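Breakdown of the fold
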Amino acid sequence: MIWAVSILFALYALCLGALFYGFWRLPNFSAEGLAPQTRFSVVVPFRNEAENLPALLKTIENLTYPSELFEVNFVNDASEDTSEAIISAAMESSKFSLKILQNKRISNAPKKDAISEAIKNSKFEWIVTTDADCVLPKYWLKTLDAYIQKNNPTMVCGPVIYESNGSFIENFQQMDGLSLQAATLGSFGLGSPMLCNGANLAYQKDVFIAVGGFSGNEHLASGDDIFLMDKWNKAFPKQVQFLKSKEAIVSTKPQTTWKNVVDQRIRWASKTSRLKNPLSLLVAMLVFLANVSFLAFPVLMILDTQNLGFYLLLTAVKIMVDYVVMQQNFSLFGNKFSFWKFLGQTYVYALMVLIVTLGSFRGHYSWKGRTFKKQC
């Protein structure tokens, strides 16, 4: 057992070290005075987002991009609150083109249906998706346009961070989200993209149609971003790129209860088994096994005192490796990062990995007032 655990943690450290290296291989991008020319159709699906829409609408109005070069298509997914009224009021005074569409349900995936409906009604060649609970940086589209002009991609994945008011639950979600961003940026730097986030994702409309859109996974409620990226990367491997820029970071709101946190992560994790990217599966397996072992170490320290030093050493190794990887990620997002806050989250994170992984096998979760069951 000692040898098996040693090998596991060696592989875990090597994996995170590779992602660390990939992060630094990925160059930082800065928009440098290019005249805007890309035309964007921004897509925002929403369902009962009255609390969050005012903040998003405010940041849309603050975007520094020519009004004739973009539109914003909101897609109402059976909202039962005042979301639509809030957007309608904003449309009357907005200097930009805002539009409300109604979702047409044709599959088990409401968000994919909403995005598909928006794409059908979009008039520009680039689709940019974000979420109703996000806020956008003012140079978001300007930076994206400059990146497209300089690099000629057909899909661009962007950075996303969770807001945090300093509470334990929000700090946890921010750090958890940044761990996913570390894996995302690292994998792009290694040339094998394995994650992206639909809260900040752009792609060409004609290529979306050419690859068949969401066909093949429309029966799965989640995965409007990762499944599409995976399909895209197989068809056009050099044209799926990551925009590593502080000026392109989209912020999103954290969940307010632990139940919602668990449901959200089960929704994310339930699609992992459907991915065919070997790196994704390897990282997921190593993360799960390393964190389960980490949870077991305190018990093993009591039951197997002869190897107390060994368990303490591996505990320290995991904490330090995780901390180094997270620290480099914070350098991009510019947030203050306390080792002691990180230390306080380590066992909660490991426990969450166990709960979410087991929950994803069951595949049953609730989200935005709907219940979803595991699909074959």
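All figures in this text were calculated on a predicted structure; none of them were measured in a lab.

**Structural notes on the environment of I106**
- Note on placement: I106 falls in the loop between β3 (97-102) and α4 (110-120).
- Accessibility expressed as a relative area gives 70% for I106, which makes it exposed.
- In the structure, I106 is positioned 242 residues away from V348 in sequence and 39 Å away in space, judged by C-alpha atoms.

**Details of the sheet that holds strand β8 (residues 201-204)**
- Taken together, seven strands build an open sheet; the order of strands is β3-β2-β1-β4-β8-β6-β9 and the sheet is mixed. The open sheet has two free edges, formed respectively by β3 and β9 (240-242), since each of these has just one partner strand. On average, adjacent strands in this sheet sit at an angle of 20 degrees to one another, irrespective of strand direction.
- As paired strands, strand β2 (residues 70-76) and β3 are joined by six bridges and run parallel to one another. What sits directly across from N76, in β3, is Q102.
- α4 contacts β1 (40-46), β2, β3, β4 (126-129) and β8 of the sheet and is inclined by roughly 150 degrees relative to β1.
- Contacts from helix α8 (residues 226-235) reach β6 (155-157), β8 and β9, with the element oriented near 135 degrees to β6.

**Describing the pattern of salt bridges**
- For the coordinates displayed, the defined rule picks out 11 salt bridges.
- A salt bridge links K104 to E117; its shortest N-O distance comes to 3.9 Å. In this pair, K104 sits in the loop between β3 and α4 while E117 sits in helix α4, placing the two residues 13 residues apart along the sequence.
- A residue is classified by how much of its surface remains accessible, and K104, at 53% relative accessible area, is exposed.
- Overall, E117 belongs to the buried group, its relative accessible area being 10%.
- As a salt-bridge pair, K234 and D230 come within 2.8 Å of each other at their nearest N and O atoms.

Calculation rules
- Residues numbered from 1 in each chain as written.
- Predicted model: local features only at pLDDT ≥ 70, side-chain atom pairs only at ≥ 80, totals over all residues.
- Heavy atoms only, no water.
- Helix = DSSP H or I, 4+ residues; strand = E, 2+ residues; numbered from the N terminus.
- Buried < 20%, exposed > 50% of the residue type's maximum accessible area, 1.4 Å probe, protein only.
- Pairing = 2+ DSSP bridges.
- Axes fitted to C-alpha atoms, helices over the stretch in contact; angles between N-to-C directions.
- Contact = heavy atoms within 4.5 Å.
- Salt bridge = Lys/Arg side-chain N within 4 Å of Asp/Glu carboxyl O.

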